[in-house]
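Coordinates in review
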Amino acid sequence: QVQLVESGGGLVQAGGSLRLSCAASGRTFSTYNMGWFRQSPGKEREFVAAISRSGDTTYYADSVKGRFTMSRDNVKNTVYLQMNSLKPEDTAVYYCAADRSSGYLSRLSRQYNYWGQGTQVTVSS
């Protein structure tokens, strides 16, 4: 089992940047594919990005491609989401998640086994 704790959220103006972090407990972090999802009020949770166990493959939602970059450090047991050129529509609670079993990067939330508590990102216009 792994526990996930997100940090780095906050309030930023449109066009600005934020870097989210997700720290994982346990010694098996490198065996999980990792994902970032977000949810805004009244909307379903949506996929943002995913990264493979080794970090050599990433996958992004079209809405963030070219603006967001996901990375991981398997020594520090941490994944990151660098968010640039933020837009008001990026406002949401951002969650990181761990997938212990898939052999591929998934955009489906049901594929992920463990979730953090979320961190709020608010982008003002």
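Above this text sits the structure in question.
These lines cover the structure that appears in this document, whether it is placed above or below. (Residues numbered from 1 in each chain as written. Predicted model: local features only at pLDDT ≥ 70, side-chain atom pairs only at ≥ 80, totals over all residues. Heavy atoms only, no water.)

Core analysis: the largest hydrophobic core is formed by 36 residues, its most contacted members being Leu 4, Met 34, Trp 36, Met 70, Leu 81, Met 83 and Tyr 94. Of all the secondary-structure elements, those providing two or more residues to this core are β3 (18-24), β4 (33-39), β5 (46-51), β7 (68-73), β8 (78-83), β9 (92-99) and β11 (119-124). Those residues within four positions of Leu 4 in sequence are excluded, and the remaining contacts are Cys 22, Ala 23, Ala 24, Met 34, Cys 96, Ala 97, Ala 98, Tyr 114, Trp 115, Gly 116 and Gln 117. (Core = buried A, V, L, I, M, F, W, Y, C linked by side-chain atoms within 4.5 Å. Buried < 20%, exposed > 50% of the residue type's maximum accessible area, 1.4 Å probe, protein only. Helix = DSSP H or I, 4+ residues; strand = E, 2+ residues; numbered from the N terminus. Contact = heavy atoms within 4.5 Å.)

This part is about the packing of aromatic side chains. For the structure shown, the criterion picks out six aromatic pairs. Relative to Phe 47, the ring of Phe 37 has its centre 5.7 Å away and its plane inclined at 75 degrees; by these criteria the two rings are edge-to-face. Note that Phe 37 is positioned in strand β4 and Phe 47 in strand β5, a separation of ten residues in sequence. Phe 47 matches Phe 37 in its accessibility class, with the two residues each being buried. Through a chain of ring-to-ring contacts, the aromatic side chains of Phe 37, Phe 47, Tyr 59, Tyr 112 and Trp 115 assemble into a single cluster. Across from the ring centre of Tyr 80, 4.0 Å away, lies the NZ or CZ of Arg 19, which sits over that ring. It is Arg 72 that lies over the ring of Phe 29; its NZ or CZ is 4.4 Å from the centre. (Phe/Tyr/Trp six-rings, centres within 6.5 Å; stacked < 30°, edge-to-face > 60°. Lys NZ or Arg CZ within 6 Å of the ring centre and 35° of its normal.)

Along the chain, Arg 107 turns up in the loop between β9 and β10 (114-115). Expressed as a C-alpha distance, the spacing of Arg 107 and Met 70, which sit 37 residues apart in the sequence, is 14 Å. In this structure the side chain of Arg 107 is engaged in a polar contact, spanning 3.1 Å, whose partner is the side chain of Tyr 59. (Polar contact = N/O pair within 3.5 Å; in protein donor to acceptor, adjacent residues only side chain to side chain.)

Residues other than glycine seldom take positive phi values, yet Asn 77 does so here, at roughly 55 degrees. On the secondary structure map, Asn 77 appears in the loop between β7 and β8. Accessibility expressed as a relative area gives 16% for Asn 77, which makes it buried.

Moving on, we come to the state of the cysteines. Inspection of every chain in the model, using the stated rule, returns one disulfide. With its sulfur 1.9 Å from that of its partner, Cys 22 forms a disulfide with Cys 96. The chirality of the disulfide connecting Cys 22 with Cys 96 is right-handed, given an S-S dihedral of about 45 degrees. Here Cys 22 is found in strand β3, whereas its partner Cys 96 is found in strand β9, with 74 residues between them in sequence. (Disulfide = S-S within 2.5 Å.)

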